[in-house]
Amino acid sequence: MTYEEVRNAIVAACERLDAEGLVAGSSGNVSVRLEPKDGQELFAITPSGIPYRVLEPAQILVINNEKEVIDGEGRPSTETLMHLAAYRARADVGSVIHSHSIYASALAIAGEDLPPLIDEQVVTLGGGIKCAEWGMSATEDLAQKAVAALDFRRSVLLRSHGALSVGKTLEEVLDVCSLLERMSQIYILARSMGNIEKLPENILEIEIKYYKIKNGLPTE
Ligand SMILES: [Zn+2]
């Protein structure tokens, strides 16, 4: 993919996030891992503080591992450190989205994990989703806590904040964000009716293994 194609894809992704209510205004951010160049790891990322509704492809920045802008003009997203930490921790990750969707954020504000509830959730997201310890926005501390709680899974809730999701491709992460939000909504609704039935341990184990094999992750 050329830089131009990646920039267009990121703007289209932001439009979908906005349309689905997974972000609001300029909150949240989107990045994609690019081909390394001259020994440098490169990433395309949304700029800081520009509302999604007026975001243009030319405003998407190419940065290196040190958060330095390599191509484009402007300041990269305030949560760039969290994106870089996810790429560093997970070689299998090709795209990262930080979202502020309502139901996932509600769980994050309550400081609760999303338990493993249905098969689709486990085989797609990797199981129950943990809520990370609180960290100050835009800091390396938050980045480290997010990545630690993410572990091998596709999403993590950010305490009193929102969510972080990862995947091989941008399209996959968009679907992950949608599923995380849908599962959070289902969980909160089901809880309001009373007892919650989690998936049995033995089924969970098989499905997590399937998730890991499907995504080329170590099974031990
Ligand atoms: Zn945020």
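Above this text you will find the structure in question.
For clarity, every value in this text was computed on a predicted model and none was experimentally measured. (Residues numbered from 1 in each chain as written. Predicted model: local features only at pLDDT ≥ 70, side-chain atom pairs only at ≥ 80, totals over all residues. Heavy atoms only, no water.)

Asks: Looking at this model, I keep getting lost on the overall build of the chain. Mind explaining?
Replies: When its secondary structure is counted, the chain shows 7 helices and 8 strands. Along the first, second and third principal axes, the C-alpha set of the chain runs to 50 × 35 × 30 Å. Looking at the 220 residues of the chain, the share that counts as buried comes to 50%. Summarising the internal contacts of the chain: among those between residues at least 6 apart in sequence, 64% fall at separations of at least 24. A total accessible area of about 10,400 Å² is found for the chain, and carbon and sulfur atoms account for 53% of it. (Helix = DSSP H or I, 4+ residues; strand = E, 2+ residues; numbered from the N terminus. Buried < 20%, exposed > 50% of the residue type's maximum accessible area, 1.4 Å probe, protein only. Contact = heavy atoms within 4.5 Å. Areas by Shrake-Rupley, 256 points an atom, 1.4 Å probe, with all protein chains shown as cover.)

Asks: It is not clear to me how the packing of aromatic side chains should be interpreted in this structure. Could you clarify?
Replies: This structure, assessed with the given rule, holds 2 aromatic pairs. On the numbers, 6.3 Å between centres and 50° between planes, the contact of Phe152 with Tyr211 is tilted. Of this pair, Phe152 sits in the loop between α5 (140–150) and β7 (155–158) while Tyr211 sits in helix α7 (residues 201–214), and the two are 59 residues apart along the sequence. Phe152 sits in the buried class, given a relative accessible area of 17%. Across from the ring centre of Phe152, 4.9 Å away, lies the NZ or CZ of Arg153, which sits over that ring. Residue placement shows Lys212 over the ring face of Phe152; its charged tip is 4.3 Å from the ring centre. (Phe/Tyr/Trp six-rings, centres within 6.5 Å; stacked < 30°, edge-to-face > 60°. Lys NZ or Arg CZ within 6 Å of the ring centre and 35° of its normal.)

Asks: Explain the pairing of strand β3 (residues 61–64) here, please?
Replies: Residues in a regular strand project their side chains so that they alternate between the two faces of the sheet. Burial along β3 is two-sided: Leu61 and Ile63 facing one way and Val62 and Asn64 facing the other are all buried. Looking at chain direction, strand β2 (residues 42–45) and β3 are connected through 4 bridges and run antiparallel. Paired with Ile45 across the two strands is Leu61, which belongs to β3. In terms of strand pairing, β3 meets strand β4 (residues 69–71) through 2 bridges, oriented antiparallel. Bridge pairing in β4 places Ile63 opposite Val69. Here β3 folds back onto β4 in antiparallel fashion, the turn holding 4 residues, of which Lys67 has a positive phi close to 70°. (Pairing = 2+ DSSP bridges.)

Asks: What is the right way to look at α5 in this model?
Replies: Residue pairs spaced three or four apart in an α-helix point in one direction, given the helix's 3.6 residues per turn. Taken residue by residue, α5 has Leu142, Ala143, Ala146, Val147, Ala149 and Leu150 as its buried positions. Here the buried residues of α5 occupy an arc of 165° about the axis, which is enough to place them on one side. Among the structural elements, α2 (80–89), β6 (131–132), β7 and β8 (162–167) are those in contact with the buried residues of α5. One or two steps after α5, the chain reaches Asp151, where phi turns positive at roughly 55°. (Arc of directions from axis to C-beta.)

Asks: In this structure, what is going on with the coordination of the zinc ion? I would like to understand it.
Replies: Six octahedral donors around a metal ideally subtend angles of 90 or 180 degrees, whereas four tetrahedral donors ideally subtend 109.5 degrees. Around the zinc ion, the protein contributes the donor atoms His98 (NE2), His100 (NE2) and His161 (NE2), which lie 2.0 to 2.1 Å from the metal centre. Between the donor residues of the zinc ion, the gaps in sequence give the motif H-x1-H-x60-H. With a gap of 61 residues between them, His100 in the loop between β5 (95–99) and α3 (102–110) and His161 in the loop between β7 and β8 connect regions that are remote in the sequence. Its relative accessible area of 17% is what places His161 among the buried residues. (Donors = N, O, S within 2.8 Å, 3.2 Å for Na, K, Ca; no water.)

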